[in-house]
Amino acid sequence: MDDAILQNIKETTIYERKDENIPSKIEENYLIVAAIDFGTTFSGYAYSSRHAFQIDPLKVTMKSWVDPSSSMIYKKTSTCILFTKEKEFSEFGFDAEAKYLDLLLDDDNTDEKAKDWYFFRRFKMALYELQSGDQEVLIEDETGKSLPAMVVFSESLRYLKQSVIDCVSKQLIGIELTDIKWIVTVPAIWSDPAKAFMRKAALEAGIDSKMLTIVLEPEAAATFVKHLPVERRVDGQEGDVFKTFAPGTKYIVVDAGGGTVDITAHEVREDGHVGELIKATGGNWGSTTVDEEYLVFLKKFIGETATTLINLKTPEAFFKASREFEKVKPKINPESGIKVRVILPYHIREAYKKAHPGKKLKFEESVLMKREKKIDISFNGEHVRMSSKDAKQLFAESITKIIEHLKNIFEQTNGRDISTIILVGGYAGSLVLTEVIKSAFPGMRLIIPHEAANSVLHGAVIFGHDPSLIRQRRSKYTYGIEVFEIFDPSKHDEKYKYEKNGEFRCDKIFSKLLEVDEMVNVGEYQNEKSYILHSYGRKGNFKLYTSSSKNVEHVDDNGCFCIGYILSPGHKFILKESIIVKMRFGETEIEFNAHQPKSQQTSVYHLGY
């Protein structure tokens, strides 16, 4: 922080005022709601018109994606993006995979060397641990080359945005960008800087901030399930949805995706709306961890020599192996006596033969995995075969963490009366996961929609038309700003003591605005404060800090991060005059309303831009 900005905060004057209901600033002048579900492994979009929503909220249009490698049609495409060696956008999704594989196969015959291009996949997890608003994020591609995360994300969103416009325009003549209200989904466990990053990426992609809403994935899923009729659920008894959303009931949403497992718990109020019981939690235990376990198993089996040979000569082989495993993963049934068969790509088979001369591929062997567990496998032609029971071991680490986390939630005071688990996300299609959850929580009502993998996307469209389901949320963090106090040796640490204008002050004091786990109402500004602006900061004015701890004393305490600025850079407020700032923490993103009486300037914006 430069000295000018430090002085701004130290000389801030603060006045408390009563909370006040303020309507949302999101524009309601739209014809279409388009939702983009940007996932770790797969991404897609859906949309519906206001007229169609009024007739049937569940009727949405989803883009169909063709995988060139198999000619199969899917409701989502892979989250992959390819840039040229000049760092220009080339392809997204299945087309990016196909183009990159072509480059790899043609490497010896053309000047278009694959190693010079930039191929990114599963890059969403780059934001999982983002804590600071000032943190610059770089993402490594498949060969270790880097590009700024903002470029990778914004170009991905730009492609999806244009695809939405092209698709909508074919159905509705005359639709313009300004007619579309945009929804971008994010995990509820993401930090405020990560959410702000996605908003900025969407803005860079050409989406109007006033027409953009960031929606939390588990909340979108809950919105979808609330609208579901009985016949569109795969698990549960008749009337379960009605019982789940009856006043006074409590339920938990487990959004099990590729990268993260996102968990929120809600209580249904008397008016039918819901409030958050426990702040959003979860972890990076998604289905990609199972894919990683499979690759670990595969590499242990073929050995270091063959693995090194593949990495040097045909690195696409492991990528193909992972894709082949993804196809069979949802069908693995631990109770089945039928063996799991996964296609082993040609180059892996050939590398094995070279590393183990004279050894045939048709044989049986054991591979020692974590926890001293063995997986017995056999080869038959181009397939690697293992028992369903052994294949279940690949899920062990991921599922153990999910079950332990759910048990901890149910043991909390607010979690003891939860009666229903709503399981959604791509990972929800795994028989291994669903059977373990049923076994671990036999007394729970379990609801799994037929469209489990697309529940977030469907729900995000509904949320865009009607966001009224969620009325209360719990703060994920303790929020505060940096202030100073007159130094008091009886309570202040000497290391924060400094002198200014003839008085001794205590520096870097964390002034709390909101405490972690505190309930906040949607649509209300929880804080209104008055600040004196002394100079313009290059990155903004008045830093906002967060911590996972309830008791924070100083802004440089362990676990305390600056997540951004209350006033964005380039604002037009005049110096030496007070600015009244209202803060809204109950939305999916932090919102600010800043007004300066002297200049009559007013700005309404989100954190981070």
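Residues numbered from 1 in each chain as written. Predicted model: local features only at pLDDT ≥ 70, side-chain atom pairs only at ≥ 80, totals over all residues. Heavy atoms only, no water.

Here the focus is the sheet that holds strand 36 (residues 601-606). Spatial ordering of the open sheet is given by 31-34-35-36, a layout of 4 strands whose pairing is antiparallel. With one partner strand each, in any of the chains shown, strand 31 (527-532) and strand 36 form the two edges of the open sheet. Going from strand to strand, the sheet's axes swing by 20 degrees on average, the running direction of each strand aside. Relative to strand 35 (residues 591-596), strand 34 (residues 578-584) runs antiparallel, the two being bridged by 5 bridges. Paired with Val-581 across the two strands is Ala-594, which belongs to strand 35. (Pairing = 2+ DSSP bridges. Helix = DSSP H or I, 4+ residues; strand = E, 2+ residues; numbered from the N terminus. Axes fitted to C-alpha atoms, helices over the stretch in contact; angles between N-to-C directions.)

The next thing to look at is the packing of helix 12 (residues 396-411) against helix 13 (residues 431-440). Remark: helix 12 packs on helix 13, axes separated minimally by 11 Å, with the N-to-C direction vectors making an angle of 35 degrees. For the pair helix 12 and helix 13, the crossing hand works out as right-handed. Contacts from Ile-399, Ile-402 and Ile-403 in helix 12 reach Val-432, Leu-433, Val-436, Ile-437 and Ala-440 in helix 13. Across the contact of helix 12 with helix 13, the residue classes break down as 8 nonpolar, no polar and no charged. (Left-handed = near helix turned anticlockwise from the far one by under 90°. Contact = heavy atoms within 4.5 Å. Nonpolar A, V, L, I, M, F, W, Y, C, P; charged D, E, K, R; others polar.)

Let us look at helix 3 (residues 94-105). Think of an α-helix as 3.6 residues a turn; residues three or four steps apart then line up on the same face. Compared with an ideal rise of 1.5 Å per residue, which puts 12 residues at 16 Å, helix 3 spans 17 Å between its outermost C-alpha atoms and is within 8% of the ideal. Regarding helix 3, the residues found buried are Phe-94, Ala-96, Glu-97, Tyr-100, Leu-101, Leu-103 and Leu-104. (Expected span 1.5 Å × (residues − 1). Buried < 20%, exposed > 50% of the residue type's maximum accessible area, 1.4 Å probe, protein only.)

Attention shifts here to the packing of aromatic side chains. For the structure on display, the rule yields 21 aromatic pairs. Judged by centre distance (6.0 Å) and plane angle (85 degrees), the ring pair of Phe-119 and Phe-319 falls under edge-to-face. Here Phe-319 lies in helix 9 (residues 316-328) and Phe-119 lies in strand 10 (residues 118-121), a separation of 200 residues in the sequence. The residues Phe-119 and Phe-319 share a single accessibility class, namely buried. Grouping aromatic residues by their ring pairs yields a cluster made of Phe-83, Phe-89, Phe-92, Phe-120 and Tyr-159. Over the face of the ring belonging to Phe-484 we find Arg-505, whose NZ or CZ atom lies 4.1 Å from the ring centre. (Phe/Tyr/Trp six-rings, centres within 6.5 Å; stacked < 30°, edge-to-face > 60°. Lys NZ or Arg CZ within 6 Å of the ring centre and 35° of its normal.)

Further remarks concern the nonpolar core. Within the largest apolar cluster, 80 residues are counted, with the highest numbers of intra-cluster contacts made by Phe-120, Phe-153, Trp-182 and Met-198. If one sorts the elements of this core by residue count, helix 4 (residues 149-171) sits on top with 9 residues. Residues in contact with Phe-120, not counting those within four places in the same chain, are Thr-79, Cys-80, Ile-81, Phe-83, Ile-139, Glu-140, Asp-141, Lys-145, Leu-147 and Val-152. Core analysis: the next-biggest nonpolar cluster, separate from the first, contains 57 residues, Ile-263, Ile-310, Ala-317 and Val-340 among them. (Core = buried A, V, L, I, M, F, W, Y, C linked by side-chain atoms within 4.5 Å.)

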